[in-house]
Amino acid sequence: MMARYSIFSLARNALSYHQDWPAAWRDPAPKPSYQVVIIGGGGHGLATAYYLAKEHGITDVAVIERGWLGGGNTGRNTTVVRSNYLWDESAALYDFALKIWEGLSQELNFNVMFSQRGVVNLAHNQHDLRELSRRINANRLNGVDSEFLTPAEIKRMIPIIDVRAGGRYPVLGASLQRRGGTARHDALAWGYARAADARGVDIIQECPVEGFRIENGRVLGVETAKGFIGAAKVAIAVAGHSSVMATLAGFRMPVTSVPLQALVSEPVKPALDTVVMSNAIHAYISQSDKGEFVIGAGADKYVGYGQRGSLPVTEETLAAVCELFPSLRRMRMMRQWGGIVDTCPDASPILGKTPIDGLYINCGWGTGGFKSTPGAGWVYAYTIAKDEPHELNAPFSLDRFRTGYLVDEHGAAAVAH
Amino acid sequence: MTQRFRLPEGGLIDRAKPLGFRFDGTRYQGYAGDSLASALLANGVHLVGRSFKYHRPRGIFSAGAEEPNALVQLGAGARSDANMRATQVDLVDGLTAASQNCWPSLGFDLGAINNQLSRFLPAGFYYKTFMWPAALWMRYEWVIRHAAGMGKVPDARDPDHYDKTYAHCDVLVAGAGPAGLAAALAASETGARVILAEQDGELGGALLGLDETIDGAPARDWVAAARAELEARESVTILTRTTVYGYFDHNFLGLLERVTDHLAEKPARLPRHRLWKLRAKQVVLATGAIERPLVFSDNDRPGIMLAGACQAYVNRYAVKPGSKAVVFTNNDGAYGAALDLAAAGIEIAAIVDLRPDPEGPATERAEAAGLPVLAGHAIIGTRGDQRVDQVRIARISADGASIVGGAGEGAAQTIDCDLVAVSGGWSPTVHLFSQSRGKIRFDAELGCFLPGDAAQATHLAGACNGAFGLASCLQTGFEAGAQAAKAAGLKPGKRRRKIQKAPEASDDGFLPARWTWLVPSDRPLGQGGKHFVDLQNDVTAADLKLALREGYRSVEHVKRYTTTGMGTDQGKTGNVNAIAIIAETQGRPIPEVGVTTFRPPYTAVTFGAFAGRDIEDLLDATRRTPIHAWHQRNGAVFEDVGQWKRPWYYPKASESMHDAVNREVKAVRSSLGVVDATTLGKIDIQGKDAAEFLNRMYTNAWSKLEVGKCRYGLMLGEDGMVMDDGVTARLGEHHYLMTTTTGNAAPVFGHLEEFLQTEWPELEVRLTSVTEQFATVSLAGPNARRLLAELTQDIELSANALPHMGLARGRVAGIPARVFRVSFTGEMSFEINVRASYGLALWQAVMTAGEKYDITPYGTEAMHVLRAEKGFIIVGQETDGSVTPLDLGMDWILSKNKDFIGKRSLTRPDMLKPDRKQLVGLLTEDPAEVLPEGAQLVETVLAKPPMVMVGHVSSSYHSPNLERSFALAMIKGGRGKMGQRVFAPLQGGKTLACTITGPVFLDPEGERLRG
Ligand SMILES: Cc1cc2nc3c(=O)[nH]c(=O)nc-3n(C[C@H](O)[C@H](O)[C@H](O)COP(=O)(O)OP(=O)(O)OC[C@H]3O[C@@H](n4cnc5c(N)ncnc54)[C@H](O)[C@@H]3O)c2cc1C
């Protein structure tokens, strides 16, 4: 049973000087085997465990995490949540996720601080405008909220923006998804971890998976730093290390891993209420509740596993930010970091079965899988429970690279955060 | 007389240069050489800010980069800076500063209500509440957001400019304390190119704040001599006010130089800040150490300061940080501070020492001087509203976990004071070392994290490597400098100079010490009284323990849950205490808990410095053709295409865009148009395998193309999707000229090179980008040949001599030229390529000679209409990375007899499905309605979404030739749906009905372009 969080429990616990709060999740030793083992304690792995328990009654589940839960891209990303994707398949999946986001704090009884402050995508030339209009129309007809903003409307909404952008990349228009926004990344991982744990899921941290036991094309369990753990089904959710996992299991993935970086400024009083993104000049920015400007930069142009991101990318990004927001030029970068993102050739995820029976994979979210976490976890759990994909993730099979059924999100949004 | 707390003599300030400044509106005076913090203290101002969460009064805590409290808003208007550490702000005349995060005033701050409510606001409280009702979150959040944040964003465009520079050196020395100076001396002795970077305005580091001797003379004399020596050496560059903020791979480092902040008059020619991108063969880190506070109850009041900082204020700035001090320490070092304070006339009420039997060289001196010592005691509480005025002291138990005599006031004694100087030991500044990926290890005796194995060409000197004594600093500095120079390949110096071996100095350090990480109080932790670990973010020891209790076990979890170490100081004073308290609570050794990752930057770096000069027009290159000036003079409206400025249309007097484009389109079809096509990418391809290379890159065959002929080519990605198109001409046996689309010139070049270099290095092919070498003037229309004939004598223009897709060389208007007979408009068309420098001359000649044909310059919009009438695609408009040649109905261009990039992908089952989106034409039922580009198409209109979409409009125009609107679209299974109706439900509610047609609207046989 999970101790409920509320203003009342907070007040009650204040009386005992907060000495009596229970642990948000246990720290169990792994059992010899489970019905389902999930590799990777990021948002996706934890959400999957939660929905396996909640939607399918499968509670004999372990989430096995190499380090500390939420320490991968889940805890490094810039938390943009939106669903205004171009293609029907993507829009359906991401909007399904967005709808879960809208009630997630209540469902998990953990404030994930999803705040629908709106996501604005800027257009800087005729080509951008055309693509923007195509996407807005597609969104609308898919039932995803999306509207066009003129430069004057943009300026009204975001007073610190310079729609002339220094003259080089003037802002000609934008799309706005009002239901989009940001959330608190750690809270997402913690909220799912706590809720999954309450339903009986074992979360095992500091336990790298080092190999698979596979016989006759069927997975039997995983070799870990804490010994062999048997499982009828194994589900991979390790983001940047997906191709490493696949290699251990003996198959190949069309996935490239590159460092993607982000940075924050020092905290200041609120000056920017919405998320602003510009693909043309590779920058996007929001302001956190703490007051920091959270800025997403581009990916390094080479494959790597160093979680830092190179200086030239920082320079380009901040130059763009300084142009769009000339009063921010005196702000200061307080912290910069990187995460390893797993990208597919079509910039869409892989979510489904693998060539090995009982082994499933969820990866390829690249630069944009935070927002999808609730929806992806939900359909991944379905896929694992039923051993077949849900209609929402059927298009995102590994097989599509053989059939050619690609869902190419590069075209409309080269940087898909 | 102001500056009541200024000592009558001493310090490194210039008393001849008084400087006026304002803080929160009040006028004060300081001296040149002051920091804002020292000047405030000289005037007795301790309260300078409010804390982040509880809005508690806070004072100046340190004298350097580690400052968590004294953050101020500097200046006003466009030049205002938020969150500036007063300890690092050089005082300049006329400076204005204001406190932050308080309202209505610093003294009376309504936000301080949070302090009263703090019992309800433990770490992470916001994860547990604000959830009901869900709809109210945005309101709650509004309040949270406005309570958070510290300083303010300036209110206008930053008028200052910034710069960047690259540099290389043999040895970078980071930090110019005794160790860094010694390292720089030893390294440069060899003639090595040395860069010495120091964040302070002065050299000397810790020596600036200490009263030490070297070789029997004041240490400052040695610093001055070292500086003079270094300045005399040509190979040495000294950078002051320059922070090495980042240590990247391969000894690549980022430095921020603050060039003009400290100047009252800022020369306009100088940048405000300069970003150094430095590649050093060897790096010596001499970054020193940061003093650690003790974690005791209510350890945050103004007047509670680091002991070393108190010492620095006395010695460097000649400022008395108080009148009556209590020194609270766990080590020998703070006794030195006590002695210096006493010497400055500050009464030492007590030295409260956690150690039961204090010993050590400084301790002995202090005892000899008669300073009162309370051994085995602790401060267990403090009092004072906006400044500390009293401390409570009690004896602590042998294990340090509790006080002797238990709870209750009885056990404690009180001492009045206005200053508490605290020392909990020292933390080496290992930030850069850790950023370089060097391993950090915990040293139990020194009670701190030290560098372990280096990951790069890094050397360590002085306190940052645990060599705390002055003699050791000098010694390790000399050694590291010499080693670094040697490793950089330089020979030991021959010259014998005055300063070349470590001079004599004391080596006291701060040991012995007693590590009591959490100082007990007479009340249970968290129940009255706050033990702050992170002063800026208001994180207490109770918060850390709460996080651990709630299952946040990893140090990273604790950090994120409590926000410890996440303020602007990034935990410089708090982190080690936090880690130790976590370890103690968990019963684990400190090394097992480990550190959180050190991320760049060491201290915050201005955004503007990263941008440097790459702003406004220089944010990205603006490319203009040689004919640009003419276009401008003739009223062209430009469009950005990639980096290029292209004429979009040329409105006359009062013409609308619509009218101008119609006129331009009609002119081309009826007589003669001219377009500046210079921006198309041009790649010169040479080598004996050039034809084979083209065969592989393009979908069609190239081996049989004759010299002097052109061919249209289509290029696919490996996924079989259209990537680019363009005409390639065969100029010679092994010589081709490829054209690409304007936007794709660089990506295509990269694509070609990638395959040449990584897949087929055996092919003998050389690529040269010649886009900018040639200007292209393209004539199109029924009179194109007539005009060209007037301009050339040596080119035979007959249909036989220069047929469609032919190529000729000769002179046009007297200028050496290549003439390609190719067409993007469907009209007879000649593209004249001349050397770029002749572009404008050619254009002018064409315009003059063309007058009689009413020659009309046309822009990209007219060009798009013209090509769309012919059903020609634009890559990036009809295609979007998901379109195959089959989708475009271009099966004819796919060679069956050879392999090419993307061919295999085209055979995948999905590529052959009949319901893929295919290129078609589209006519609105109302010919006056022009479909918006990007409109989505449905077969069945529903009252509201969702609706099933079957395609979208990729290009759409009004055509004066067709005298109606028309469009190109990509529609699922479109080629099988000719004549069917589809609908475009538009934004705003209107729906346009249209009919699917073929994509070619004009001259399907192509007669116009032959002739
Ligand atoms: C800088 C940056 C900015 C981003 N911005 C956004 C954004 O604004 N919006 C958005 O939607 N998305 C964004 N993303 C992408 C998003 O963060 C990811 O797509 C998403 O968080 C992936 O979640 P995950 O649970 O799949 O992966 P992760 O959170 O990375 O979790 C994978 C886990 O697997 C563990 N693991 C790996 N190998 C093993 C092993 N052998 N054994 C056991 N465990 C293992 C890892 O330690 C890790 O905890 C961004 C990413 C980055 C790096």
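Residues numbered from 1 in each chain as written. Chains lettered and ligands numbered in written order. Predicted model: local features only at pLDDT ≥ 70, side-chain atom pairs only at ≥ 80, totals over all residues.

Trainee: Please set out the overall build of chain B residue by residue, giving values where relevant.
Mentor: Helices and strands together make up the secondary structure of chain B, namely 24 helices and 50 strands. Taking the principal axes of the C-alpha coordinates as reference, chain B spans close to 115 × 75 × 55 Å. Counting only residues that meet the buried cut, chain B has 58% of its 1011 residues in that class. Taking all contacts inside chain B whose residues are at least 6 apart in sequence as the whole, residues at least 24 apart take part in 67%. (Helix = DSSP H or I, 4+ residues; strand = E, 2+ residues; numbered from the N terminus. Buried ≥ 20, exposed ≤ 12 C-beta atoms within 10 Å, placed from the backbone. Contact = placed C-beta atoms within 7 Å.)

Trainee: Explain the pairing of strand E33 (residues 644-649) of chain B to me, using residue names and the numbers behind them.
Mentor: For a regular strand, side chains alternate in direction, first toward one face of the sheet and then toward the other. Most of E33 of chain B is tucked away: five of the six residues are buried. In sequence, strand E32 (residues 637-641) of chain B turns back onto E33 of chain B through a hairpin of two residues, with glycine 642 of chain B there showing a positive phi of about 55 degrees. (Pairing = 2+ DSSP bridges.)

Trainee: Tell me about the packing of helix H7 (residues 307-315) of chain B against helix H8 (residues 333-343) of chain B, and please be specific about residues and values.
Mentor: How two helices pack is summed up by the angle between their axes together with the distance between the axes. Residue and element names in this part refer to chain B. With their axes 9 Å apart at the nearest point, H7 and H8 run at an angle of 30 degrees to one another. When the axes of H7 and H8 are compared, the crossing they make is left-handed. Residues Ala307, Gly308, Cys310, Gln311, Val314 and Asn315 of H7 touch H8, and the partners they reach there are Ala334, Ala337, Asp340 and Leu341. Class assignment of the residues belonging to the contact of H7 with H8 gives a composition of six nonpolar, three polar and one charged. (Axes fitted to C-alpha atoms, helices over the stretch in contact; angles between N-to-C directions. Left-handed = near helix turned anticlockwise from the far one by under 90°. Nonpolar A, V, L, I, M, F, W, Y, C, P; charged D, E, K, R; others polar.)

Trainee: So, the interface of chain A and chain B: which residues are in play, and what are the values?
Mentor: Each side of the interface is counted separately: chain A has 82 residues, and chain B has 89 residues. Every element with two or more residues in the side of chain A that touches chain B is listed here: helix H1 (7-15), helix H4 (104-108), helix H5 (126-141), helix H7 (185-198), helix H9 (311-324), strand E16 (332-343) and helix H11 (400-403) of chain A. Looking at the side of chain A that touches chain B, the element that brings in the most residues is H5 of chain A, giving ten residues. Looking at side-chain class alone, the side of chain A that touches chain B contains 37 nonpolar, 26 polar and 19 charged residues. Where E16 of chain A and strand E31 (residues 605-606) of chain B come together, two bridges link them in antiparallel fashion.

Trainee: Just give me the short version of the nonpolar core, but keep the residues and values in it.
Mentor: Among the nonpolar cores identified, the biggest contains 446 residues, and Val327 and Ala421 of chain B are the most heavily contacted of them. Beyond its immediate sequence surroundings of up to four residues, valine 327 of chain B is in contact with Ala307, Ala334, Ala337, Ala338, Ile348, Ile351, Val352 and Ala421 of chain B. Counting residues in hydrophobic clusters, the runner-up holds five residues, among them Leu260, Ala299, Ile340 and Val341 of chain A. (Core = buried A, V, L, I, M, F, W, Y, C linked by C-beta atoms within 7 Å.)

Trainee: So what about the site of the ligand? Which residues, and what values?
Mentor: All names here are of chain A. Residues in contact with the ligand amount to 40 residues; listed here are only the nearest, Gly40, Gly42, Gly72, Gly339 and Gly369. At the level of secondary structure, the elements contributing two or more residues to the shell around the ligand comprise helix H2 (43-56), strand E12 (256-265) and E16. Considered class by class, the residues forming the shell around the ligand number 13 nonpolar, 23 polar and four charged. Of the domains in this structure, domain 1 (28-79 + 185-254 + 346-403) and domain 2 (119-178 + 257-342) are the two that each give at least three residues to the shell around the ligand. (Near = placed C-beta within 6 Å. Domains from an automatic or database assignment.)

Trainee: Explain the environment of threonine 129 of chain B to me, using residue names and the numbers behind them.
Mentor: With respect to the helices, strands and loops of the structure, threonine 129 of chain B is situated in the loop between helix H3 (125-128) and helix H4 (137-147). For threonine 129 of chain B, a count of 18 C-beta atoms within 10 Å corresponds to the partly exposed category. In contact with threonine 129 of chain B, other than residues within four places in its own chain, are Tyr5, Ser6, Ile7, Leu10 and Asn111 of chain A.

Trainee: Which residues make up the domain arrangement of chain A, and what are the values?
Mentor: Where the parts come together, the accessible area they lose is often given as the size of the interface. Residues and elements named next belong to chain A. The domain architecture assigned to chain A consists of domain 1 (28-79 + 185-254 + 346-403) and domain 2 (119-178 + 257-342). Here domain 1 and domain 2 have C-alpha centroids that lie 30 Å from each other. At the junction of the two partners, domain 1 supplies 14 residues and domain 2 supplies eleven residues.

Trainee: Residue-level account of the packing of H8 of chain B against helix H9 (residues 361-368) of chain B, with values.
Mentor: Residue and element names in this part refer to chain B. The interhelical angle for the contact between H8 and H9, taken along N-to-C directions, is 35 degrees, at an axis separation of 7 Å. The handedness of the crossing between H8 and H9 comes out as left-handed. Together, Gly333, Tyr335, Gly336, Ala338 and Leu339 of H8 and Ala362, Thr363, Arg365 and Ala366 of H9 make up the contact between the two elements. Across the contact of H8 with H9, the residue classes tally to five nonpolar, three polar and one charged.

Trainee: Got a sec to walk through the pairing of strand E15 (residues 293-299) of chain A? Specific residues and values, please.
Mentor: The element E15 of chain A is extensively covered by neighbouring structure, given that seven of its seven residues are classed as buried. As consecutive antiparallel partners, strand E14 (residues 283-287) of chain A and E15 of chain A are separated by five residues, and within that stretch glycine 291 of chain A has a phi angle of approximately 110 degrees, a positive value.

Trainee: Please provide a residue-by-residue account of the sheet that holds strand E23 (residues 413-416) of chain B, values included.
Mentor: All names here are of chain B. Taken in spatial order, the three strands line up as E21-E22-E23 in an open sheet, and their pairing is antiparallel. Taken across any chain shown, the strands that pair with only one partner, and hence form the sheet edges, are strand E21 (377-383) and E23. Pairs of neighbouring strands in the sheet enclose a mean axial angle of 30 degrees, with direction left out of account. Relative to E23, strand E22 (residues 390-395) is paired through four bridges, and the arrangement is antiparallel. The residue of E23 that forms the bridge with isoleucine 393 is glutamine 413.

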